[in-house]
Amino acid sequence: VLAVAGLSAISAAQAADLTVGFSQIGSESGWRAAETTVTKSEAEARGITLKIADAQQKQENQIKAIRSFVAQGVDAIFVAPVVATGWDTVLSEAKDAEIPVVLLDRSIETTNPDLYLTAVTSDTVHEGRVAGEWLAKTVGDRDCPIVELQGTVGSSPAINRKKGFDEVVAAHDNLKLIRSQTGDFTRAKGKEVMESFLKAEGGGKSICALYAHNDDMAVGAIQAIKEAGLKPGQDILVVSIDAVPDIFKAMMDGEANATVELTPNMAGPAFDAILAFKDKGTVPPKWIQTESKLYTQADDPAAVYKSKQGLGY
Ligand code: GZL
């Protein structure tokens, strides 16, 4: 029998028969690539058959993939919903087929929460607050004009990370959000939008800090700041979210200051919830929350960088 950690022999055999269809957003960021890698290894460790469909960041492709998984009669469907709305119809089709759905790393707005079994995500409002509070503490009373690179328009992390950060800005008169635009969670777009911010702000000398909803946009923006002749991490403070290896490389070079960690392993808890549901009918909580941890230049970035190798970022 498969010697799978934490599972009884019966459920290991059961797991061996399980097929999960995963509608993945794409590979827009290093974090997303790591999530895909980790999901594959978590499935393998449980003897689960995994089918992954890459949506190239398009909701219509995710909807097509979910319909295909329903037609194939998979045992469960995982979805990382690229945007928060527009899921009720297709998730109702999965429900009618009695195929449980688990949301990974992003949530949805729906009138019917029965359309999914559970959502495995971090608290993305909290992430925005943690980023804001780090900045507030770091600048003290100094006037700090801030520019913001938002994630994908309409995605739950972009909506929530903005919400959490805005709460902190509202509580500190010296913090001023002067420009905010989406960089769609990608390095290229993050660089492009940061270039436009710098140009619009007379070269950027007046900008005190950048808040990016993920590290990939921050890494792109750091390039733009350097090309504008400014020092990222000093002239313009850089705070973002995900804790991917390259942000720690930037911290080692003094070019980034802080990041809020997001684990790429949403699938482990999701697989365990599905197995318990299938094996014993255990209904999981509607939200399985993953941890968020602040890292700064004071947290041995070289060691953290090393610890994140081999995870598929
Ligand atoms: C957040 C996740 C976000 C990451 C980005 O839970 O959905 O999507 O922060 C990724 O890197 O693009």
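Provided above is the structure to which this section pertains.
No experiment lies behind these values; they were computed from the predicted model shown. (Residues numbered from 1 in each chain as written. Predicted model: local features only at pLDDT ≥ 70, side-chain atom pairs only at ≥ 80, totals over all residues. Heavy atoms only, no water.)

Visitor: Looking at this structure, I do not really get the overall build of the protein chain. What am I missing?
Guide: When you go through the protein chain residue by residue, the secondary structure sums to 11 helices and 12 strands. At 20 Å, the protein chain has a C-alpha radius of gyration in line with the 20 Å of a compact globule built from 313 residues. Projected onto its principal axes, the C-alpha coordinates of the protein chain cover approximately 60 × 40 × 30 Å. Per-residue burial over the protein chain gives 53% buried out of 313 residues. Once local pairs closer than 6 in sequence are excluded, the contacts in the protein chain between residues at least 24 apart make up 75%. In the protein chain, 31 positive and 42 negative side-chain charges are present, and the distance between their average locations comes to 3 Å. (Helix = DSSP H or I, 4+ residues; strand = E, 2+ residues; numbered from the N terminus. Rg over C-alpha atoms; globule rule 2.2 N^0.38 Å. Buried < 20%, exposed > 50% of the residue type's maximum accessible area, 1.4 Å probe, protein only. Contact = heavy atoms within 4.5 Å. Lys, Arg positive; Asp, Glu negative; His and termini not counted. Charge placed at Lys NZ, Arg CZ, Asp CG, Glu CD.)

Visitor: What is the right way to look at the environment of Asn160 in this model?
Guide: By the element assignment, Asn160 lies in helix α6 (residues 156–170). The exposure class of Asn160 is buried, given its relative accessible area of 18%. The residues touching Asn160, leaving out its near neighbours within four places in the chain, are Thr124 and Val125. A polar contact is formed between the side chain of Asn160 and the side chain of Thr124, at a distance of 3.0 Å. (Polar contact = N/O pair within 3.5 Å; in protein donor to acceptor, adjacent residues only side chain to side chain.)

Visitor: Before we go on, may I ask you to explain the sheet that holds strand β3 (residues 76–79) in this structure?
Guide: Sheets are built from strands that pair by backbone hydrogen bonding, the pairs being arranged parallel or antiparallel. Taken in spatial order, the six strands make up an open sheet running β2-β1-β3-β4-β5-β11, and their pairing is parallel. Pairing within the sheet leaves two strands with one partner each, and these edge strands are β2 (49–54) and β11 (287–290). With direction set aside, neighbouring strand axes in the sheet form an average angle of 20 degrees. Where strand β1 (residues 19–24) meets β3, four bridges bridge the pair, whose relative direction is parallel. Residue Ser23 lies in a different strand from β3, and its bridge partner there is Val79. (Pairing = 2+ DSSP bridges. Axes fitted to C-alpha atoms, helices over the stretch in contact; angles between N-to-C directions.)

Visitor: Explanation requested: helix α3 (residues 59–72) in the structure shown.
Guide: Compared with an ideal rise of 1.5 Å per residue, which puts 14 residues at 20 Å, α3 spans 20 Å between its outermost C-alpha atoms and is within 8% of the ideal. Taken together, the buried positions of α3 are occupied by Gln62, Ile63, Ala65, Ile66 and Phe69. The arc that holds every buried residue of α3, seen down its axis, measures 160 degrees, which confines them to one face. Residues of α3 that are exposed and angled more than 90 degrees away from the buried face: Lys64 and Ala71. Each element contacted by the buried residues of α3 is listed here: β1, β2, β3 and α4 (88–96). At the exit of α3 stands Gly73, carrying a positive phi of roughly 70 degrees. (Expected span 1.5 Å × (residues − 1). Arc of directions from axis to C-beta.)

Visitor: How should I be thinking about the site of the ligand in this particular structure?
Guide: Taken together, Glu28, Ser29, Trp31, Arg32, Asp105, Arg106, Pro157, Arg161, Phe185, Asn214, Asp242 and Leu262 make up the full set of residues near the ligand. The separation between an oxygen atom of the ligand and a polar side-chain atom of Glu28 is 2.5 Å. In this structure the site holding the ligand corresponds to the largest cavity. Elements with a contribution of two residues or more to the shell around the ligand: α2 (30–45) and α6. In the shell around the ligand, the residues fall into four nonpolar, two polar and six charged. (Near = heavy atom within 4 Å. 1 Å grid on protein atoms, 1.4 Å probe; cavity = no way out; pocket = protein on both sides within 12 Å on 5 of 7 lines; lining within 4 Å. Sits in = over half its atoms within 2 Å of the grid points. Nonpolar A, V, L, I, M, F, W, Y, C, P; charged D, E, K, R; others polar.)

Visitor: Sorry if this is basic, but what is going on with empty space enclosed by the protein here?
Guide: Where empty space is left can be seen by rolling a probe of water-molecule size over the atoms. Per the stated rule, a full pass over the model turns up one cavity of 30 Å³ or more. What the largest cavity holds in volume is close to 110 Å³. At the level of elements, α2 and α6 are the ones that each hand at least two residues to the lining of the largest cavity. Classifying every residue of the lining of the largest cavity gives four nonpolar, four polar and six charged. (Points joined across faces, edges and corners; volume = space filled by probe spheres on them.)

Visitor: Just to check I follow, could you spell out the packing of α3 against α4 for this structure?
Guide: In a packed pair of helices, the relevant descriptors are the angle between the two axes and the axis-to-axis distance. Two numbers describe how α3 lies on α4: the axes approach to 10 Å, and their chain directions differ by 10 degrees. Between α3 and α4, the crossing angle belongs to the class labelled roughly parallel. Residues Ile63, Ile66, Arg67 and Val70 of α3 touch α4, and the partners they reach there are Thr89, Val90, Leu91, Glu93 and Ala94. Residue composition of the contact of α3 with α4, grouped by class: six nonpolar, one polar and two charged. (Parallel < 35°, antiparallel > 145°, perpendicular 65-115°, else oblique.)

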